[in-house]
Every structure is written in C-alpha cells, then in structure tokens.
Amino acid sequence: MPEHPVAPPSRDPAGFAAFYERHFDAVLGFVTRRVDNAHLAADLTADIFVAALEGAHTYDARRGAPVAWLYGISRNVIHAHFHGAAREQQAVARISGRRLLDEEDVSVIEARIDADRAARQLASAHAGLSDPLRQVLDLVVLDRLTVREAAQALGISSTTARVRLHRARKVLRAAGRTHAAPHDTLLEATQ
C-alpha cells in the first residue's frame, strides 16, 4: 500500500469523486465532533470538500497523508465559520451546487451527532486548555493523527506539536488529581 494513498486529483472529476467517497466519513466525523447541528455539519462538510477541490493543486504528498491535509482544511473552514472571517465565501459556496437534505439525510447526520455526543462531552473536560494545546490534543486524541500529521494540519513543527501535546497532558493529569472521572477517562485516551 502506498505511504500516502489517493492524493486529491486537481482536474479529474471522476478521480475527485473517488477521493471524496474515500475521505467523506473521516471529514464528517471531524465536523460532527465539533458541531451539534445536522444542517451545519452537512454545510461545513460540503464547504471542506469545495475548498479541497479548489486547493487540490496545493497538496504535497511529501508533507503527509491526504487525511491530515483534509483535517487542516477542515480546521480552517470550521474556524472561519465560527469566527466570521469567511462568511461571504461560505455563502457563495453554499449557494452553488447545494442539494437540500431530505429526512433520511438529516436522520443519518443526527445519528452521527448523537454517537459523537460522548466525545463532545469528554472534550469539554479540557476546555480550560489554551487553544494551541487543545488543537494538538484534539488532532492526536480525537482525530487519531500522529503528532507529525497534527503538526502538518496546524502548520507547526513536529517538535512544537510534541511540546504542546506534552503540556496538554501535564495540565490534564494535574486536573485529574483534583476532579472526578471524566478527567480520568480523558487522561487514559491521551496516553
């Protein structure tokens, strides 16, 4: 198996369709761990793949796996949504090619959100972490990236990512000594 399978093709619609099918569940999972609205999750997932298609020429297999590249895009799209930095671009992306969700689509996404509810509740236990520490921890623990892939998604060095992950774990271990079980579960997940 190749080290970085199925790179995003930049000009091949059929190839991009296969890439989309292969990575859709991972991207939707990334989104549903961060939002709790089915329509918003569907919109953000669509926006992520639009951005991936538009930026396919920027993918560099030497820098990591396609999923890490997609998670970097996902992080940027979600951040832009919640901070309003790209509202105009998102509105244009949503208008073009958007299909309405039927009841079955909503049910499937709601089921995915319910399944990820426990992960969101667990993630709230570490809400006191600084944003840089929390970002590395989320990518490594929740999204199961390696430290190197998390560094790629965040645009930082692997050393910086390792230091941030170490600091996050240290803070959570200290909090786990003074708080109840949710911290213990989170600490186990970060080991």
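For clarity, every value in this text was computed on a predicted model and none was experimentally measured.

A.B. asks: Sorry, what's going on with unusual backbone geometry here?
C.D. replies: Excluding glycine, residues mostly have negative phi values, and the peptide bonds linking residues are mostly trans. A positive phi angle, near 60 degrees, is found at Arg144, a position not held by glycine. Given the relative accessible area of 73%, Arg144 is considered exposed.

A.B. asks: What is the right way to look at the packing of aromatic side chains in this model?
C.D. replies: Two aromatic rings, taken as a pair, are described by how far apart their centres are and by the angle between their planes. Scanning the entire structure with this criterion turns up six aromatic pairs. Between Tyr20 and Phe24, the ring centres sit 5.4 Å apart and the planes meet at 50 degrees, which makes this aromatic pair tilted. On the criterion of helical spacing, the pair formed by Tyr20 and Phe24 is a turn pair, its members being four residues apart in helix H1 (residues 13-32). Ring pairing ties together the aromatic residues Phe16, Phe19, Tyr59 and Trp69, which thus form one cluster. The ring of Phe30 is capped by Arg34, whose NZ or CZ atom sits 3.7 Å from the centre of that ring.

A.B. asks: Please explain the packing of helix H2 (residues 38-54) against helix H3 (residues 66-83) as it appears in this structure.
C.D. replies: In a packed pair of helices, the relevant descriptors are the angle between the two axes and the axis-to-axis distance. With their axes 9 Å apart at the nearest point, H2 and H3 run at an angle of 125 degrees to one another. Judged on the interaxial angle alone, H3 and H2 are oblique. The two elements H2 and H3 cross, and the hand of that crossing is right-handed. On H3, the residues that touch Leu40, Leu44, Asp47, Ile48, Phe49, Ala51 and Ala52 of H2 are Trp69, Leu70, Ile73, Ser74, Val77, Ile78, His81 and Phe82. Looking at the contact of H2 with H3, its residues break down into twelve nonpolar, two polar and one charged.

A.B. asks: Is there a simple way to explain H1 in this structure?
C.D. replies: End to end, H1 covers 26 Å across 20 residues, agreeing with the expected 28 Å (1.5 Å per residue, within 8%). Within the span of H1, buried status applies to Gly15, Phe16, Phe19, His23, Val27, Leu28, Gly29, Phe30, Val31 and Thr32.

A.B. asks: Mind showing me how you'd approach the side chain of Arg33 here?
C.D. replies: Inspection of the secondary structure puts Arg33 in the loop between H1 and H2. Among the residues examined, Arg33 registers a relative accessible area of 17% and is labelled buried. Only 2.5 Å separates the side chain of Arg33 from the side chain of Asp143, close enough to count as a polar contact.

A.B. asks: I keep staring at the nonpolar core and nothing clicks. Help me out?
C.D. replies: As a rule of thumb, nonpolar side chains are buried together in soluble globular proteins. Grouped together as the largest cluster of nonpolar side chains are 42 residues, with contacts concentrated most on Val31, Leu44, Trp69, Leu70, Leu137 and Leu139. Secondary structure elements with two or more residues in this core: H1, H2, H3, helix H5 (103-124), helix H6 (131-142), helix H7 (147-154) and helix H8 (158-178). For this core, the leading source of residues is H2, giving eight residues. Apart from residues no more than four positions distant in its own chain, Leu44 is found in contact with Val31, Val35, Val77, Ile78 and His81.

A.B. asks: Help me understand a negative patch on the surface in this model?
C.D. replies: Among the surface-exposed residues, Asp102, Glu103, Glu104 and Glu110 lie close enough to one another that they form a single negatively charged patch. Positionally, Glu110 belongs in helix H5. Judged by relative accessible area, which is 41%, Glu110 ranks as partly exposed.

A.B. asks: Help me understand H2 in this model?
C.D. replies: Turn by turn, an α-helix covers 3.6 residues, leaving residues three or four places apart pointing in a common direction. Between its terminal C-alpha atoms H2 stretches 24 Å, which fits the 24 Å expected from 17 residues at 1.5 Å a residue. If you check which residues of H2 are buried, you get Ala38, Leu40, Ala41, Ala42, Asp43, Leu44, Thr45, Asp47, Ile48, Phe49 and Ala52. For H2, the side-chain oxygen to backbone nitrogen distance between the N-cap and His39 is 2.9 Å, and the N-cap itself is Asn37.

About the cut-offs
Residues numbered from 1 in each chain as written. Predicted model: local features only at pLDDT ≥ 70, side-chain atom pairs only at ≥ 80, totals over all residues. Heavy atoms only, no water. Buried < 20%, exposed > 50% of the residue type's maximum accessible area, 1.4 Å probe, protein only. Phe/Tyr/Trp six-rings, centres within 6.5 Å; stacked < 30°, edge-to-face > 60°. Helix = DSSP H or I, 4+ residues; strand = E, 2+ residues; numbered from the N terminus. Lys NZ or Arg CZ within 6 Å of the ring centre and 35° of its normal. Axes fitted to C-alpha atoms, helices over the stretch in contact; angles between N-to-C directions. Parallel < 35°, antiparallel > 145°, perpendicular 65-115°, else oblique. Left-handed = near helix turned anticlockwise from the far one by under 90°. Contact = heavy atoms within 4.5 Å. Nonpolar A, V, L, I, M, F, W, Y, C, P; charged D, E, K, R; others polar. Expected span 1.5 Å × (residues − 1). Polar contact = N/O pair within 3.5 Å; in protein donor to acceptor, adjacent residues only side chain to side chain. Core = buried A, V, L, I, M, F, W, Y, C linked by side-chain atoms within 4.5 Å. Patch = residues over 30% accessible without salt bridge, like charges linked within 9 Å, V, L, I, M, F, W, Y side chains within 5 Å. Areas by Shrake-Rupley, 256 points an atom, 1.4 Å probe, with all protein chains shown as cover. Salt bridge = Lys/Arg side-chain N within 4 Å of Asp/Glu carboxyl O. Lys, Arg positive; Asp, Glu negative; His and termini not counted. Charge placed at Lys NZ, Arg CZ, Asp CG, Glu CD.

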